[in-house]
Amino acid sequence: MGCTLIWNWASWEQSQKLVCILAIIVPMHIFEENSFPAGFYFMNNTGFHSKEPMVYPQNQCTNMVTNLGAEIVLVIVTFSTLKIEISAVTLWFAINQSF
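Here the structure is a predicted model, which means the values were calculated and not measured.

1. Comments concerning the overall build of the chain
Okay, so step 1: Per the secondary structure count, the chain includes five helices and zero strands.
Okay, so step 2: Element order for the chain, N to C, with α for helix and β for strand: α-α-α-α-α.
Okay, so step 3: Among the 99 residues that make up the chain, the fraction classed as buried is 27%.
Okay, so step 4: When contacts within the chain are restricted to residue pairs at least 6 apart in sequence, long-range pairs at least 24 apart make up 51% of them.
Okay, so step 5: Accessible area for the chain stands at about 6,700 Å²; split by element, carbon and sulfur atoms hold 72% of it.

Set out below in structure tokens:
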């Protein structure tokens, strides 16, 4: 996506550039979210007083499915010919990361 962004920088609209930047940042966010200290899912499960915080109710697999879905949607939106507002993409991403 980084090479695609550089290659199409002059021809893409601002909204496409921002969505592509989000698609580049999401994998870095996933690495951070699943790495420190035992991962976001562990901290979330601990907060809900789970008896098995490494596996229930969230785990690495369920967390990755959510983030992979966000990445796929961002890539599709980047290359779609539909013109979307920047605020709509930002709002969707924020809502997706909240759940």
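2. A word on the packing of aromatic side chains
Both the distance between ring centres and the angle between the ring planes are used here to describe each pair of aromatic rings.
Okay, so step 1: A full pass over the atoms with the stated rule returns one aromatic pair.
Okay, so step 2: Residues Trp-12 and Phe-79 carry aromatic rings whose centres are separated by 6.0 Å and whose planes lie at 75 degrees to one another, so their mutual orientation is edge-to-face. Of this pair, Trp-12 sits in the loop between α1 (2–8) and α2 (14–35) while Phe-79 sits in helix α4 (residues 60–79); the two residues are 67 residues apart in sequence, bridging distant segments of the chain.
Okay, so step 3: A relative accessible area of 12% places Trp-12 in the buried class.
Okay, so step 4: A cation over a ring is seen here: Lys-17 above Trp-9, with NZ or CZ 4.2 Å from the ring centre.

3. Concerning the confidence of the model for the chain
Okay, so step 1: For the chain, mean pLDDT is 81; residues scoring 70 or higher make up 85% of the total.
Okay, so step 2: For the chain, per-element mean pLDDT is lowest for helix α5 (residues 86–98), which scores 67, and highest for α1, which scores 93.

Rules and cut-offs
- Residues numbered from 1 in each chain as written.
- Predicted model: local features only at pLDDT ≥ 70, side-chain atom pairs only at ≥ 80, totals over all residues.
- Heavy atoms only, no water.
- Helix = DSSP H or I, 4+ residues; strand = E, 2+ residues; numbered from the N terminus.
- Buried < 20%, exposed > 50% of the residue type's maximum accessible area, 1.4 Å probe, protein only.
- Contact = heavy atoms within 4.5 Å.
- Areas by Shrake-Rupley, 256 points an atom, 1.4 Å probe, with all protein chains shown as cover.
- Phe/Tyr/Trp six-rings, centres within 6.5 Å; stacked < 30°, edge-to-face > 60°.
- Lys NZ or Arg CZ within 6 Å of the ring centre and 35° of its normal.
- pLDDT = per-residue confidence, 0-100.

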